[in-house]
Structures are given as C-alpha cells and as structure tokens.
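Remarks on the overall topology
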Amino acid sequence: MSLLVAEIASPIGPLVLATTEGPRPRVAALTFGDAWERLRPRLADRTGTDPAAWRAARATGDPARRLRDYFAGDLAALDAIEVDTGGTPFQRSVWKALRRIGPGRTASYADVARRIGNPRAVRAVGLANGANPVCVIVPCHRVIASGGGLGGYGGGLERKRWLLAHEGALPDGCG
C-alpha cells in the first residue's frame with residue numbers, strides 16, 4: 001500500500017491527510033498538523049509501509065474537497081468519504097458507531113458502548129476514541145462526558161469546542 005500525504009488548511013489549524021492510492025482513495029489518517037509526528041510511526045506500522053516511500057501530494061481529490069466543503073458549512077460532506085482505519089475489531093466497531101453520530105448531535109462514551117452492544121465497555125470506548133487515526137471524518141469530537149461536559153479531545157478542547165459549535169452541537173455551558 002502506498003500513501004499520498006497532503007496538508008490541508010482549516011479554520012482550526014493545518015490538517016495532515018494520508019490517503020491510499022488508487023481509483024477509490026481511502027483516508028488512512030487525518031490528524032492535526034501538530035500531532036502528525038506522533039501518528040506517523042503508528043500509521044507506518046499499521047500499513048506496513050516505509051514513510052520514506054510516502055509521496056507528498058497536493059490537497060486535491062475527493063477527500064480533500066469534501067473536507068473543505070465541511071469546513072465551509074456542508075456538514076454532510078464527510079459522510080461519503082471512505083476510510084481505512086485499521087485497528088482491532090472492537091476499535092473498528094467504535095469508529096463505525098462514531099460515524100453514525102450525525103452532525104449537530106453528540107453522544108456520551110456510555111451511549112457509544114450501548115450502541116455497539118457492550119454497555120460495560122465505557123472505558124474501552126474512551127480508549128478507542130482516543131486512538132482514532134482519522135479525526136473529524138470519524139467524529140470522535142462528538143463524544144462528550146456523561147454529565148454533558150466536553151470531556152477530552154486529542155486535538156485540544158478549543159478545537160473540539162470549535163467543531164461542535166460549527167456543527168451546532170455545543171453542549172450547554174461549554175461555550
């Protein structure tokens with residue numbers, strides 16, 4: 001598997017997008033620019049590829065266009081992006097459940113655990129959420145604490161707050 005890597009400007013800072021090559025590119029990673037160096041070795045291990053073989057690309061193509069459309073206000077633009085997240089079967093079930101939380105909505109870690117049929121796995125859901133290699137598209141920012149607070153976010157709480165406000169889902173008292 002070969003990867004194309006591009007940087008995309010966004011209102012919350014630069015994003016690094018890694019996609020598979022081919023006629024139907026899938027997003028293998030999307031992260032904030034300041035987190036790229038931490039994600040890069042995990043992505044290399046997961047894909048079995050040498051980062052030296054990854055090719056720099058311009059931020060064009062369908063995933064990049066859809067990300068720009070999302071940030072411009074088309075909140076459904078990310079729905080059709082195909083992802084290749086890797087991960088364990090449990091992680092993939094959590095990430096699939098996250099994609100079913102629509103823009104403008106939030107869910108707690110307990111809600112997600114129930115949705116995947118494992119209501120006692122709240123902490124494991126939190127760990128899977130934190131290991132998400134495809135931020136924004138797999139919307140881990142839509143998972144909040146059971147009490148309604150923002151909880152954590154690998155990209156930082158200001159970015160999470162911005163994303164939720166952008167989608168019209170900022171919980172009361174978190175503005």
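This text follows the structure it describes.
Rules used in this analysis
The residue numbers shown here count from 1 along each chain, following its written sequence. In view of the model being predicted, local features appear only for residues whose pLDDT reaches at least 70, and side-chain atom pairs are presented and counted only at 80 or more, with totals across whole chains, interfaces and linings using the full set of residues. Calculation of side-chain values draws on the structure's entire complement of heavy atoms; hydrogens and water are dropped beforehand. Between buried and exposed lies partly exposed: a residue is buried under 20% and exposed over 50% of the maximum accessible area for its type, with that area taken using a 1.4 Å probe on protein chains only. Runs of H or I in DSSP of at least four residues are treated as helices and runs of E of at least two as strands, each being numbered from the N terminus. Note on pairing: two strands pair once DSSP finds at least 2 bridges between them. Whenever Lys or Arg places a side-chain nitrogen within 4 Å of a carboxyl oxygen from Asp or Glu, that contact is recorded as a salt bridge. We call two residues contacting when some pair of their heavy atoms lies within 4.5 Å. A fitted line through C-alpha atoms serves as each axis, taken over the contacting stretch for helices, and the angle formed by two N-to-C directions is quoted from 0 to 180°. Only the six-membered ring of Trp is used, alongside the rings of Phe and Tyr, when aromatic pairs are assigned; centres must lie within 6.5 Å, and planes under 30 degrees apart are stacked while those over 60 apart are edge-to-face, with the rest tilted. For a Lys NZ or an Arg CZ to count as sitting over a ring, it must be within 6 Å of the ring centre and within 35 degrees of the ring normal.

**What about the pairing of strand E3 (residues 27–32)?**
Consecutive side chains along a regular strand alternate between the two faces of the sheet. Burial within E3 is extensive, with six of its six residues counted as buried. Bridge analysis of strand E2 (residues 15–20) against E3 gives five bridges, and the strand direction is antiparallel. Each residue of the ladder has a partner; that of Leu17, found in E3, is Leu30. Linking E2 to E3, which pair antiparallel, is a turn of six residues; within it Gly22 sits at a positive phi near 130 degrees.

**Let's talk about the pattern of salt bridges**
All told, the structure shown has 11 salt bridges when counted by the stated rule. Here Glu82 ties to Arg24 by a salt bridge, and the two come within 2.3 Å at their closest N and O atoms. Note that Glu82 is positioned in the loop between helix H2 (62–71) and helix H3 (89–99) and Arg24 in the loop between E2 and E3, a separation of 58 residues in sequence. Close ionic contact of Arg46 with Asp84 constitutes a salt bridge, the shortest N to O distance being 4.0 Å. Of the two residues, Arg46 is situated in helix H1 (residues 36–47) and Asp84 in the loop between H2 and H3; the sequence distance between them amounts to 38 residues. You can call Arg46 partly exposed: its relative accessible area is 28%. Since its relative accessible area comes to 17%, Asp84 is described here as buried. Several salt bridges converge on common partners, so that one network encompasses Asp62, Arg65, Arg66 and Asp69.

**What about unusual backbone geometry?**
Phi at Val136 takes a positive value of approximately 65 degrees, unusual for a residue other than glycine. Among the secondary structure elements, Val136 is positioned in the loop between helix H5 (122–130) and strand E6 (143–144).

**Comments concerning the sheet that holds E2**
Read across the open sheet, the four strands follow the order E3-E2-E1-E4; overall the sheet is mixed. Only two strands of the sheet have a single partner each, and these edge strands are E3 and strand E4 (55–56). Against the sheet, H1 makes contact with strand E1 (3–8), E2 and E3, and its axis sits at roughly 165 degrees relative to E3, the strand it touches most.

**With respect to the packing of aromatic side chains**
Here a ring pair, both rings aromatic, is described through the centre-centre distance and the interplanar angle of the planes. Enumeration over the complete set of coordinates arrives at four aromatic pairs. A ring pair is formed by Trp36 and Trp54, whose centres lie 6.0 Å apart and whose planes are at 50 degrees; its orientation type is tilted. Pair noted here: Trp36 is in helix H1 and Trp54 is in the loop between H1 and E4, with a separation of 18 residues, a long-range link. The two residues Trp36 and Trp54 agree in class, both being buried. Consider the rings of Phe71 and Trp162, whose centres lie 6.0 Å apart with planes at 45 degrees: the pair is tilted. A residue pair is termed long-range when its members are at least 10 positions apart, and Phe71 in helix H2 and Trp162 in helix H6 (residues 157–166) qualify at 91 residues. Exposure remark for Phe71: the relative accessible area of 12% places this residue in the buried category. Look at Trp162 and you get partly exposed, because its relative accessible area is 30%. By way of ring pairs, the aromatic residues Tyr70, Phe71 and Trp162 are connected into one cluster. When the ring centre of Phe32 is taken as origin, the NZ or CZ atom of Arg159, which lies over that ring, is 4.2 Å away.

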